Amino acid sequence: MSHALLVVDVQNDFCPGGALAVPEGDVIVPGINAAMAEAAAVVLTQDWHPAGHSSFASQHPGRAPFEMIEMPYGPQVLWPDHCIIGSEGAAFHPDLVTDRAELIIRKGYHRSVDSYSAFYENDRTTPTGLDGYLRSRGIDSVTLVGLATDFCVAYSARDAIRHGYEVTVRMELCRAIDLDGSLAAATVELAGMGVALV
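Conventions adopted
Residues numbered from 1 in each chain as written. Predicted model: local features only at pLDDT ≥ 70, side-chain atom pairs only at ≥ 80, totals over all residues. Heavy atoms only, no water. Helix = DSSP H or I, 4+ residues; strand = E, 2+ residues; numbered from the N terminus. Rg over C-alpha atoms; globule rule 2.2 N^0.38 Å. Buried < 20%, exposed > 50% of the residue type's maximum accessible area, 1.4 Å probe, protein only. Contact = heavy atoms within 4.5 Å. Areas by Shrake-Rupley, 256 points an atom, 1.4 Å probe, with all protein chains shown as cover. Lys, Arg positive; Asp, Glu negative; His and termini not counted. Charge placed at Lys NZ, Arg CZ, Asp CG, Glu CD. Salt bridge = Lys/Arg side-chain N within 4 Å of Asp/Glu carboxyl O. Core = buried A, V, L, I, M, F, W, Y, C linked by side-chain atoms within 4.5 Å. Phe/Tyr/Trp six-rings, centres within 6.5 Å; stacked < 30°, edge-to-face > 60°. Expected span 1.5 Å × (residues − 1). Arc of directions from axis to C-beta.

Asks: Which residues make up the overall build of the chain, and what values go with them?
Replies: Check the secondary structure of the chain and you find 4 helices and 8 strands. In sequence order, the secondary structure elements of the chain are arranged as β-α-β-β-β-β-α-β-α-β-α-β. Relative to the compact-globule value of 16 Å for 198 residues, the chain shows a C-alpha radius of gyration of 16 Å, a close match. Seen along its three principal axes, the alpha-carbon backbone of the chain occupies a region of about 50 × 35 × 30 Å. Across the 198 residues of the chain, 53% fall into the buried class. Restricting the contact set of the chain to residue pairs at least 6 apart, pairs at least 24 apart contribute 73%. Accessible surface, the chain: about 8,200 Å² in total, of which carbon and sulfur atoms supply 54%. Each charge class in the chain was averaged separately, 12 positive and 25 negative side chains, and the resulting centres sit 5 Å apart.

Here it is in structure tokens:
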């Protein structure tokens, strides 16, 4: 086994009706289920924030969701409260077949730092443990699907490339937030790094 499918943040809060809904976020679920059924190894990621997380606009008086602020680790988008630990919004989409997953990486549970990537928190130094898991399994290539293309999928793809994995993003099985052109910027950057966008 040398390949894994990485399914990023297919959770209720990122689907229509959720606190941070990605347009058509639920449309990709059947295709992801089909991809999981064919994959040699499957890893799921789950956004998993404590109430009052520092990336929530509600924690910054006078600030609104989607504004940018500077955090000790760098620029940070302020988000609506979402994917709070144990909440229905943090649960996987009910139609996502999670039985194939061998590992679930929960990220964003440290109150003071956000976490987009499946590999690192946004301070770029605190690892999630995913790299060690994949290497111990002999996996050297990953395919990414899920939400959102321009944030958690893109950050995960960047880190996977930096760690030397062969990386593919199946664009038809992702959906984007597209905040101020973030989708176009992410796809140009990923392609330039050697990520296969298919």
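Asks: I'd like a description of the pattern of salt bridges, backed by residues and values.
Replies: Applying the stated criterion across every chain yields a total of 10 salt bridges. We note a salt bridge from Glu 189 to Arg 158, for which the minimum N-O separation is 2.9 Å. Within this pair, whereas Glu 189 is found in helix H4 (residues 182–193), its partner Arg 158 is found in helix H3 (residues 149–162), the two being separated by 31 residues in sequence. Note on Glu 189: relative accessible area 33%, which makes it partly exposed. Note that Asp 159 is salt-bridged to Arg 162, the shortest N-O span being 3.2 Å. Of this pair, Asp 159 and Arg 162 both sit in helix H3, 3 residues apart, roughly one helical turn. Each of the salt bridges in this network shares a partner with another, and the network as a whole consists of Asp 9, Asp 47 and Lys 107.

Asks: Summarise the nonpolar core; cite the residues concerned and give the values.
Replies: One broad rule of soluble globular proteins: the nonpolar side chains tend to lie buried together. Counting residues in hydrophobic clusters, the biggest one holds 56 residues, and the most contacted among them are Val 7, Ile 32, Phe 119, Val 142, Leu 144 and Val 167. Elements that contribute at least two residues to this core include exactly strand E1 (3–8), helix H1 (29–38), strand E2 (42–47), helix H2 (130–136), strand E6 (141–147), H3, strand E7 (166–175) and H4. Top contributing element to this core by residue count: H3, with 7 residues. Setting aside anything within four residues of it in sequence, one finds Val 7 in contact with Ile 32, Met 36, Val 42, Val 43, Leu 44, Thr 45 and Val 145. Of all hydrophobic cores here, the second largest spans 6 residues; its members include Ile 69, Tyr 73, Leu 78 and Val 113.

Asks: Describe the side chain of Asp 114, naming the residues involved and giving the relevant values.
Replies: Its location among the elements puts Asp 114 in the loop between strand E5 (103–107) and H2. Buried within the structure, Asp 114 lacks any salt-bridge partner; its nearest side chain of opposite charge belongs to Lys 107, at an N-O separation of 6.9 Å. Contacts of Asp 114, omitting those with residues within four sequence positions, involve His 49, His 53, Ser 55, Tyr 73, Gln 76, Trp 79, Glu 121 and Asn 122.

Asks: How would you summarise the packing of aromatic side chains if you had to cite specific residues and measurements?
Replies: According to the stated counting rule, one finds 6 aromatic pairs in the structure shown. Relative to Phe 151, the ring of Tyr 116 lies with its centre 5.6 Å away and its plane at 80°, an arrangement referred to as edge-to-face. Placement of the pair is Tyr 116 in the loop between E5 and H2 and Phe 151 in helix H3, with a sequence separation of 35 residues. Across the pair, exposure class does not vary: Tyr 116 and Phe 151 are buried alike.

Asks: Could you give me a rundown of H4, with the residues and numbers involved?
Replies: The periodicity of an α-helix, 3.6 residues per turn, causes residues three or four places apart in sequence to face the same way. Taking 1.5 Å per residue, 12 residues should reach 16 Å; H4 reaches 16 Å between its end C-alpha atoms and fits that length. For H4, every residue scored as buried is listed here: Ser 182, Ala 186 and Leu 190. Down the axis of H4, the buried side of the element spans an arc of 55°, and every buried residue falls inside it. For H4, the exposed residues set more than 90 degrees away from the buried face come down to Val 188 and Gly 192. Positioned one or two residues after H4, Gly 194 has a phi angle of 105°, which is positive.

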